[in-house]
Amino acid sequence: MNQDLQKYLDGEIGLDALPAELQSEARAWEAFLVDAREAGAPGAPVGLESRILRGLEQESRVGWWARLTDWWLHPQPLRVRPAAWVAAAAIAGLLLVPLLTGDRSRDDGLAGGSTDGAVYVQFLLEAPHASSVAIAGDFNSWLPDIGLVDPDGDGIWSGRVPLRPGVHEYMFVIDGTQWLSDPLAERFKEDGFGHRNSVLAITSGAGAASLVP
Amino acid sequence: MADTSDADAVRAVLDGDADAFAHLVRQYKDVLFRYAERMTGRPDEAADIVQQAFIKGYRNLDRCRDPERVGGWLFRIAVNLCKDQLKSRARREVRLEASEPLRSDRGLPETSAERAEIREEIYRALQELSDEQREAFVLKHVEGWSYEEMAEKLDASVSALKMRVHRAREQLQDLLQDYR
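Residues numbered from 1 in each chain as written. Chains lettered and ligands numbered in written order. Predicted model: local features only at pLDDT ≥ 70, side-chain atom pairs only at ≥ 80, totals over all residues.

Across its full length, chain A carries four helices and nine strands. Out of the 213 residues in chain A, the part that is buried amounts to 31%. Nonlocal contacts in chain A, meaning residues at least 24 apart in sequence, comprise 63% of its contacts between residues at least 6 apart. (Helix = DSSP H or I, 4+ residues; strand = E, 2+ residues; numbered from the N terminus. Buried ≥ 20, exposed ≤ 12 C-beta atoms within 10 Å, placed from the backbone. Contact = placed C-beta atoms within 7 Å.)

Written out as structure tokens, the structure is:
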């Protein structure tokens, strides 16, 4: 497409700045964009507002204790490494090995699905200005609803998550909005949205598992 | 609460008046749904996303640092939920083969029925764009955001976003070549 036409559509130049032969094309584009704005529903369907309000009413009745219980009963994988924390990565590795679930019958207190064959991975992230840190990845349908905790307020958020052997992609989500790659991940993969997912590979051997960078 | 400002509603909710959140739902449900529907191409998923966005917003309202701009904050939550949904879908579903270019065998639509039809074709063509291009195109040309706003909200550079929009337009032009 003509670059001047792109500039016009970006609002950088006016119609008068275009040569006559492009002005008609520009007008056609304007008509198209009007149609594009009208393509699709003009607004929320009937009933959505009341459905949302019912959900909110239920949400306020549920209260913080039930939400905490729900979070605890549906653990999600967490893995965070701070940007300047090479040492933390080593700690994570050290924590990982003894946490391998060699004894499948052991009740580890985590519900929300079988953890057979899972490896518990400790995640750490240095985020001193964050109000919340969560992790989202292929292991939890990319929903950033797995919270990390920073009980002592030192800005180091942590949590452990059962992960099955395999290759996992994940990102951290700060304050519910800012998606962040694990700064110390050894491998990354483009996510199609201009960011890079961190990649973690876990292999399982005979009775044990190990991280593969 | 017709005369309630967004900031008033936020303060009321934080002061314990949960019903005040209804003002924000009424105010922003349409814009959130329009965006989510165009991004997902599925009204049922869009409705779920909008509901989830409001619930997340309600839960985390104390983290909204600028109550005057709570609408933008809620929209940003919906943008991220759409990303989550599309990422999740990409991993669940095998991408369908690219469909044939969308063509109408006529010039500019004249009747309302024709216009409705061409809008349906545009809607389908939007779904043919990559998620990244569709996101940029919808925010720019449907929601009317500036590139600077987009860059701030999407953590991407203005030049990268312009490139996405340019490519989206070019692809739409190819897909709908007989429309224009």
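Next comes the rest of the description.
In terms of regular secondary structure, chain B is built from eight helices and zero strands. Going residue by residue from the N terminus, the α and β elements of chain B occur as α-α-α-α-α-α-α-α. In chain B, which comprises 180 residues, the proportion classed as buried is 43%. Within chain B, residue pairs in contact and separated by at least 24 positions form 62% of the contacts whose partners lie at least 6 positions apart.

The next thing to look at is the nonpolar core. Within the largest apolar cluster, 60 residues are counted, with the highest numbers of intra-cluster contacts made by Leu32(B), Ala36(B), Val50(B), Ala53(B), Leu74(B) and Ala78(B). What Leu74(B) contacts, discounting residues up to four positions off in sequence, is Leu24(B), Tyr28(B), Leu32(B), Ala53(B) and Gly57(B). Grouped together as the second largest cluster of nonpolar side chains are 29 residues, Tyr120(A), Val121(A), Ala127(A) and Ala130(A) included. (Core = buried A, V, L, I, M, F, W, Y, C linked by C-beta atoms within 7 Å.)

In this section: the packing of helix H6 (residues 131–142) of chain B against helix H8 (residues 158–175) of chain B. Residues and elements named next belong to chain B. Across the interface, H6 lies against H8 with an axial gap of 8 Å and an inter-helix angle of 95°. Our classification of the angle between H6 and H8 gives roughly perpendicular. Across from Glu132, Gln133, Arg134, Ala136, Phe137 and Lys140 in H6, the residues of H8 making contact are Leu161, Arg164, Val165, Arg167, Ala168 and Gln171. Class assignment for the residues of the contact of H6 with H8 results in five nonpolar, two polar and five charged. (Axes fitted to C-alpha atoms, helices over the stretch in contact; angles between N-to-C directions. Parallel < 35°, antiparallel > 145°, perpendicular 65-115°, else oblique. Nonpolar A, V, L, I, M, F, W, Y, C, P; charged D, E, K, R; others polar.)

What follows concerns the interface of chain B and chain A. Of the residues lining the interface, 48 residues belong to chain B; the matching set on chain A comes to 40 residues. Going through the elements one at a time, helix H2 (21–40), helix H3 (43–59), helix H4 (70–92), helix H5 (112–128), H6 and H8 of chain B are the ones with two or more residues in the side of chain B that touches chain A. With ten residues, H2(B) is the single largest residue contributor to the side of chain B that touches chain A. Along the lines of polarity and charge, the residues of the side of chain B that touches chain A split into 20 nonpolar, eight polar and 20 charged.

Moving on: the confidence of the model for chain A. All names here are of chain A. Confidence in the prediction of chain A, expressed as mean pLDDT, is 71, and 66% of residues score 70 or more. Looking over chain A, one finds the lowest element-wise mean pLDDT in strand E9 (residues 209–212), namely 44, and the highest in helix H1 (residues 3–9), namely 90. Counting interchain partners and residues more than four positions distant, the pLDDT-below-50 stretch residues 97–114 has 20 contacts. When the criterion is pLDDT under 50, residues 205–213 qualifies, and its contacts beyond four places in sequence or with other chains add up to 18 contacts. (pLDDT = per-residue confidence, 0-100.)

Below, the discussion takes up the environment of Asp175(A). With respect to the element layout, Asp175(A) can be found in the loop between strand E5 (166–174) and strand E6 (178–180). Taking C-alpha positions, Asp175(A) is 4.8 Å from Ser132(A), a pair spaced 43 residues apart along the chain. Each residue touching Asp175(A), except ones within four places of it in the same chain, is listed here: Ala130(A), Ser131(A), Ser132(A) and Arg63(B).

This part covers the packing of helix H7 (residues 147–154) of chain B against H8(B). All names here are of chain B. The N-to-C vectors of H7 and H8 enclose an angle of 110°; their axes lie 9 Å apart at closest approach. What the angle tells us is that H7 and H8 run roughly perpendicular. Together, Tyr147, Glu148, Met150, Ala151 and Leu154 of H7 and Val158, Leu161 and Lys162 of H8 make up the contact between the two elements. In terms of residue class, the contact of H7 with H8 is made up of six nonpolar, no polar and two charged.

The subject of this paragraph is the environment of Ala151(B). With respect to the helices and strands, the residue Ala151(B) is situated in helix H7. For the pair formed by Ala151(B) and Leu161(B), sequence separation is ten residues and the distance between their alpha carbons is 7.2 Å.

Moving on: the pairing of strand E2 (residues 133–137) of chain A. Residues and elements named next belong to chain A. Most of E2 is tucked away: five of the five residues are buried. In E2, alternate side chains face the same way, and those of Val133, Ile135 and Gly137 on one face and Ala134 and Ala136 on the other are all buried. Where E2 meets E5, five bridges bridge the pair, whose relative direction is antiparallel. Residue pairing in the sheet places Ala136 in a bridge with Met171 of E5. (Pairing = 2+ DSSP bridges.)

Here we come to the environment of Val133(A). Following the sequence through the fold, Val133(A) ends up in strand E2. The spatial distance from the C-alpha of Val133(A) to the C-alpha of Asp145(A) is 9.3 Å, given a sequence separation of twelve residues.

What follows covers H6(B). Residues and elements named next belong to chain B. Where burial is concerned, most of H6 is hidden: twelve out of the twelve residues are buried. Along H6, the residues that are buried comprise Asp131, Glu132, Gln133, Arg134, Glu135, Ala136, Phe137, Val138, Leu139, Lys140, His141 and Val142. After H6 finishes, the residue Gly144 shows a positive phi value of roughly 75°.

As a further point, take the pairing of E5(A). A regular strand carries its side chains on alternate faces of the sheet. Residues and elements named next belong to chain A. Sheet topology places E5 next to E6; three bridges connect them, and they run antiparallel. Counterpart to Ile174 in the pairing with E6 is Gln178. Hairpin connection from E5 to E6: three residues lie between these consecutive antiparallel strands, with Asp175 at a positive phi of about 55°.

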